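Below are the chains, spelled out letter by letter.
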Amino acid sequence: MNNKGFSVYEFTVSSSPSGGSCYVTPSHGISLKTVFLLACDNWNDTHQPITYEFLAKFPGGFSSILSFGYTSNVSLTLPTGDPGANHTLNITVLITNYAGVSTQKELSVQVGIRHEIQRHAKLMVKWKILKQFYVFVKKTFLKLEGWCLNCFNFKFRSRDIHV
């Protein structure tokens, strides 16, 4: 018995979204103050719809979702970038088709700390020092005041006695 067979199964593999680009503007700004535009344009795929996920990447391998959805452009404020890398914030963009196949793009932007926050931090340190000085002066003054009140009371009593 000669059992031979032949079978053909044809299937199509989904390709990832292609033909587009992603960018961030402006290229630098201030944390929680500057409004940045994260945008992806001209992405094509036969498996619609396409989703766009923008992730901020932090030192130590942590990441945070900035935006996820069908919108390819989003305006938002960004967290401070890595101080050890000139305040560079790395952003990963995942462009994913309906079949779940993705294209990944990497963006970077410089996001510095707000000067007001830096100034506020310095003022807080100065305030703490001034507060400590105030407490010291107040304690010293109360000691002196108590001493002077005792002196005043003594003089007042002696004046009452003489009158």
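Preceding block: the structure.
It should be emphasised that the depicted structure is a prediction, and the values quoted were computed from it without experimental measurement.

J.: Can you walk me through the side chain of Ser-67 in this structure?
T.: Turning to its location among the elements, Ser-67 is positioned in strand 5 (residues 63–69). Of the residues examined, Ser-67 reaches a relative accessible area of 17% and is grouped as buried. Among residues more than four places away in sequence, those in contact with Ser-67 are Tyr-52, Glu-53, Phe-54 and Val-74.

J.: Whenever I open this one, the state of the cysteines confuses me. Can you help?
T.: Defined simply, a disulfide is a covalent bond joining two cysteines at their sulfur atoms. Taken as a whole and judged by the stated rule, the model has one disulfide. Each sulfur in the disulfide pair Cys-22 and Cys-40 lies 2.2 Å from the other. With the S-S dihedral at roughly 105 degrees, the linkage between Cys-22 and Cys-40 falls on the right-handed side. Taken together, the positions of Cys-22 in strand 1 (residues 21–25) and Cys-40 in strand 3 (residues 36–41) put the pair 18 residues apart, joining distant regions of the chain. Judged by its relative accessible area of 2%, Cys-40 is buried.

J.: I'm lost on the sheet that holds strand 8 (residues 102–112) in this one. Help?
T.: Strand pairing in a sheet relies on backbone hydrogen bonds, with the paired strands running either antiparallel or parallel. The strand order across the open sheet built from five strands is 2-8-7-4-5, with neighbouring strands paired in mixed fashion. Sheet topology places strand 2 (28–30) and strand 5 at the edges, where each strand pairs with a single neighbour. For this sheet, the mean angle separating the axes of adjacent strands, direction not counted, is 30 degrees. Two elements, strand 2 and strand 8, share three bridges in a ladder whose sense is parallel. Looking at strand 8, one finds that His-28 is bridged to Gln-110.

J.: Would you take a moment to explain unusual backbone geometry for this structure?
T.: Peptide bonds are mostly trans, and most non-glycine residues show a negative phi. Residue Pro-26 is reached from Thr-25 by a cis peptide bond, and omega for that bond is -5 degrees. Mapping Pro-26 onto the fold places it in the loop between strand 1 and strand 2. A cis amide bond links Gln-48 to the next residue, Pro-49, at an omega of 0 degrees. Looking at the secondary structure, you find Pro-49 in the loop between strand 3 and strand 4 (51–57). For Leu-32, which is not a glycine, the phi torsion comes out positive at approximately 60 degrees. Assessed through its relative accessible area of 55%, Leu-32 is described here as exposed. Of note in this structure, Asn-42 is not a glycine but carries a positive phi near 65 degrees. Mapped onto the secondary structure, Asn-42 falls in the loop between strand 3 and strand 4.

J.: How should the pairing of strand 3 be read in this particular structure?
T.: Across a regular strand the side chains alternate sides, sitting on one face of the sheet and then on the other. Judged from the five bridges that link them, strand 1 and strand 3 form a sheet pairing that is antiparallel. Looking at strand 3, one finds that Tyr-23 is bridged to Ala-39. The sheet contact formed by strand 3 and strand 6 (residues 73–76) spans four bridges and is antiparallel. Its bridge partner being in strand 6, Phe-36 is matched across the sheet by Leu-76.

Cut-offs used in this document
Residues numbered from 1 in each chain as written. Predicted model: local features only at pLDDT ≥ 70, side-chain atom pairs only at ≥ 80, totals over all residues. Heavy atoms only, no water. Helix = DSSP H or I, 4+ residues; strand = E, 2+ residues; numbered from the N terminus. Buried < 20%, exposed > 50% of the residue type's maximum accessible area, 1.4 Å probe, protein only. Contact = heavy atoms within 4.5 Å. Disulfide = S-S within 2.5 Å. Pairing = 2+ DSSP bridges. Axes fitted to C-alpha atoms, helices over the stretch in contact; angles between N-to-C directions.

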